[in-house]
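Chains, contacts and geometry: an overview
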Amino acid sequence: MASGMFRAATQQWSSRTLRARPAPRIMNYGSASLFGDLQCITKLLANELIAFWEPDQLGQIGSNPLKEPPTITKDSITVGGKTYKVDQATNVTTTILEKTTRQLFQIPTHPIAIIKDLIASTFPDFKHYQSFSPVVTTKQNFDDLCFAKDHPGRAATDTYYINEKIMLRTHTSAHQLQVLTEADKVLVTADVYRRDEIDASHYPVFHQMEGAELFDTKTAVDVIRKQIATDTAQHSKSIHTTDITVITDKNPKQDCHDQAAMLATADHLKYSLNKMVRNLFSHEKNLTVRWIDAQFPFTSPSWEMEILYKGKWLEVLGCGVIKQDILNNAGKPDKIGWAFGLGLERLALVLFGIPDIRLFWSQDERFLHQFEPSKIQKFKAFSKYPPCFKDITFWSNEDFHENNFCEVVRDVAGDIVEDVRMIDEFTHPKTKKCSVCYRINYRSMDRNVTNVEINEIQDRLREEVVRRMKVELR
Ligand code: DAH
């Protein structure tokens, strides 16, 4: 977990949760390396950039080339039917690229798709984009959204790069500019990719849903007030809402915005999203929602919505008033609008009572056949198989980053790893060398694992960690 990155345990970027998360234990920044063969190969290709494909060809997929298996060779990567050159920035692995073909949110009986459909039903007249390639440019993912050049989200330790300019999207906001050029009410659902640690609520691939609505700046106040006043469903009456947001210099109105239009837009945003969670948590009699201040590069002011679930505040989404630069670039200088983004796994884990994020990727029928379209029902555990843990201890080096270590674990062991935890760390008083010990907890979700099998995996892991990370085993 890189410091500075606004990333929550529940897989949504946020300014607030970043602060709540512990600082990285041993790491420095900027080491894009540590990727074994691919890294060596790509070093040779340094400075030779993207060639085969033009970013503006990104768009909706007709025959779904995303279903085609990706391939990595020594100088190119083919994914979604398109080929890209690799270079010194490449850090994506086959294990990750293979996930691009799964498209979980397109399987109507999958919990991710069920949550998606329920959310979409609150926005019936929104144009819903669901087939964007996960391969985007750094311009789409960061620059178009006003991310600073040195923003930590761009770090190679946090993001999968295909090459220096092409990456796997880290959030659905990467498509905001494009969709807002095409429509004023939009939803985007997609798989997103982030390098991270391994545990029951983190997976390097997860799903997000993005929504946005624009209004004519001149008539926004009247239109919005009328719409809210005539809403007969009165959903807000059945939600307890606390709003502790304040518009200050820390979370300011944009200079170009008229105060009344901005406030009306903010009201419409909160009204729409309250309605959305009311619908999603329809079984909760006393739904309690809290609005708090936040920060995102692409909105101002920005907020987060939390709901009180089983006694704990659950962060549900980030949102705000869209930066006017984005609307100007989308050819809509006369509009004002709101946007939100949420992680679908987090909601599905809670609503279906699913204990481990890896289950979403299970191909086991005992998982897949439990659910019905449009219906939230509690997950029935089919079994809990015994765990088997193994420790690995090594002298780390200055390039070491926990996310890179987790990537090697993922590559060698796949989804059989339940979590990876540092259990010991010390610095040698004389040599100043740093020793770390990680405990890897192996547990399959659909079968018993044998000690022999795990020993083999662990042996391979020990070799790969030395080879790729240049650390010294103890
Ligand atoms: N893209 C943000 C993330 O991944 C979520 C988000 C926050 C999306 C605010 C938005 C927004 O559209 O306005 O954490």
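Above this text is the structure in question.
Below or above, wherever it landed, is the structure these notes cover. Model, not experiment: these values are computed from the prediction.

It is worth spelling out the sheet that holds strand 4 (residues 127-129) at this point. What links the strands of a sheet is backbone hydrogen bonding, and the strands pair in either a parallel or an antiparallel sense. If you trace the 8 strands from one edge of the open sheet to the other, you get 4-7-8-13-12-11-10-9, paired in mixed fashion. Of all the strands in the sheet, just strand 4 and strand 9 (239-243) have a single pairing partner and so form its edges. The average angle at which neighbouring strand axes cross in this sheet is 25°, direction not considered. For strand 7 (residues 185-193) and strand 8 (residues 205-216), the ladder comprises 9 bridges, and the chain directions are antiparallel. Its bridge partner lying in strand 8, Lys185 is registered against Glu213. On top of the sheet, helix 8 (residues 259-280) reaches strand 8, strand 9, strand 10 (287-296), strand 11 (299-309), strand 12 (312-322) and strand 13 (335-343); it is set at about 30° to strand 13, its chief contact.

Read across the sheet, 3 strands follow the order 1-2-3 without closing on themselves; strand pairing throughout is antiparallel. Sheet topology places strand 1 (71-72) and strand 3 (82-85) at the edges, where each strand pairs with a single neighbour. Relative to strand 2 (residues 76-79), strand 1 runs antiparallel, the two being bridged by 2 bridges. Counted as the bridge partner of Thr71 is Thr78 from strand 2.

In this section: helix 8. For helix 8, built from 22 residues, the straight-helix expectation of 32 Å at 1.5 Å per residue is met to within 8% by its first-to-last C-alpha distance of 32 Å. Here helix 8 lies mainly inside the structure; 16 of its 22 residues are buried.

Tracing the chain through its elements places Ser302 in strand 11. Using a relative accessible area of 1% as the deciding quantity, one classes Ser302 as buried. In this structure, the C-alpha to C-alpha distance between Ser302 and Asn251, residues 51 residues apart in sequence, is 6.6 Å.

Across soluble globular proteins, nonpolar side chains have a tendency to be buried as a group. In terms of nonpolar packing, the biggest core is built from 73 residues, with Ile119, Leu273, Phe281 and Phe360 touching the most fellow members. Per-element accounting of this core gives the leading share, 9 residues, to helix 8. For Leu273, the residues in contact, after removing those within four places along its chain, are Phe123, Trp291, Met305, Leu317, Cys319 and Phe340. Val408, Val412, Val417 and Val471 belong to the second-largest nonpolar core, a separate cluster that totals 27 residues.

What follows concerns helix 10 (residues 344-352). Counted residue by residue, helix 10 has 9 buried out of 9 residues, so it is predominantly covered. Along helix 10, the residues that are buried comprise Leu344, Glu345, Arg346, Leu347, Ala348, Leu349, Val350, Leu351 and Phe352. Phi turns positive, to about 65°, at Gly353, one or two residues after helix 10.

Running from N to C, helix 7 (residues 220-229) and helix 8 point in directions that differ by 30°, and their axes come no closer than 9 Å. Here helix 8 runs roughly parallel to helix 7, going by the angle between their axes. As helix 7 packs across helix 8, the resulting crossing turns out to be left-handed. Along its contact with helix 7, which presents Val221, Ile224, Arg225, Gln227 and Ile228, the element helix 8 presents Ala260, Ala261, Leu263, Ala264, Thr265, Asp267, His268 and Tyr271. In the contact of helix 7 with helix 8, the residues fall into 8 nonpolar, 3 polar and 2 charged.

With that out of the way, let us pick up the environment of Leu368. Within the fold, Leu368 resides in helix 11 (residues 365-368). As for Leu368 and His110, which are separated by 258 residues in sequence, their C-alpha atoms are 6.7 Å apart. Every residue in contact with Leu368, bar those within four places of it in the chain, is listed here: Thr109, His110, Ser362 and Gln363.

Right, let's get into the pattern of salt bridges. Note that side chains of opposite charge can pair when their charged atoms are close. This model, assessed by the stated rule, comprises 30 salt bridges. Here Arg410 makes a salt bridge to Glu407, at a shortest N to O gap of 3.1 Å. Residue Arg410 and its partner Glu407 are located together in helix 12 (residues 402-413), separated by 3 residues, close to a single helical turn. Comparing Arg410 with Glu407 shows no difference in burial state: the two are buried. Via salt bridges that share partners, Asp184, Asp216, Lys332 and Lys335 belong to a single interconnected network.

This paragraph deals with the pairing of strand 2. Linkage of strand 1 to strand 2, two consecutive antiparallel strands, is achieved through a turn of 3 residues. Inspection of the sheet shows strand 2 paired to strand 3 by 4 bridges, in the antiparallel sense. Counterpart to Val79 in the pairing with strand 3 is Lys82. The turn linking strand 2 back onto strand 3 is made up of 2 residues, and Gly80 within it adopts a positive phi angle of 60°.

Parameters and conventions
- Residues numbered from 1 in each chain as written.
- Predicted model: local features only at pLDDT ≥ 70, side-chain atom pairs only at ≥ 80, totals over all residues.
- Heavy atoms only, no water.
- Pairing = 2+ DSSP bridges.
- Helix = DSSP H or I, 4+ residues; strand = E, 2+ residues; numbered from the N terminus.
- Axes fitted to C-alpha atoms, helices over the stretch in contact; angles between N-to-C directions.
- Contact = heavy atoms within 4.5 Å.
- Expected span 1.5 Å × (residues − 1).
- Buried < 20%, exposed > 50% of the residue type's maximum accessible area, 1.4 Å probe, protein only.
- Core = buried A, V, L, I, M, F, W, Y, C linked by side-chain atoms within 4.5 Å.
- Parallel < 35°, antiparallel > 145°, perpendicular 65-115°, else oblique.
- Left-handed = near helix turned anticlockwise from the far one by under 90°.
- Nonpolar A, V, L, I, M, F, W, Y, C, P; charged D, E, K, R; others polar.
- Salt bridge = Lys/Arg side-chain N within 4 Å of Asp/Glu carboxyl O.

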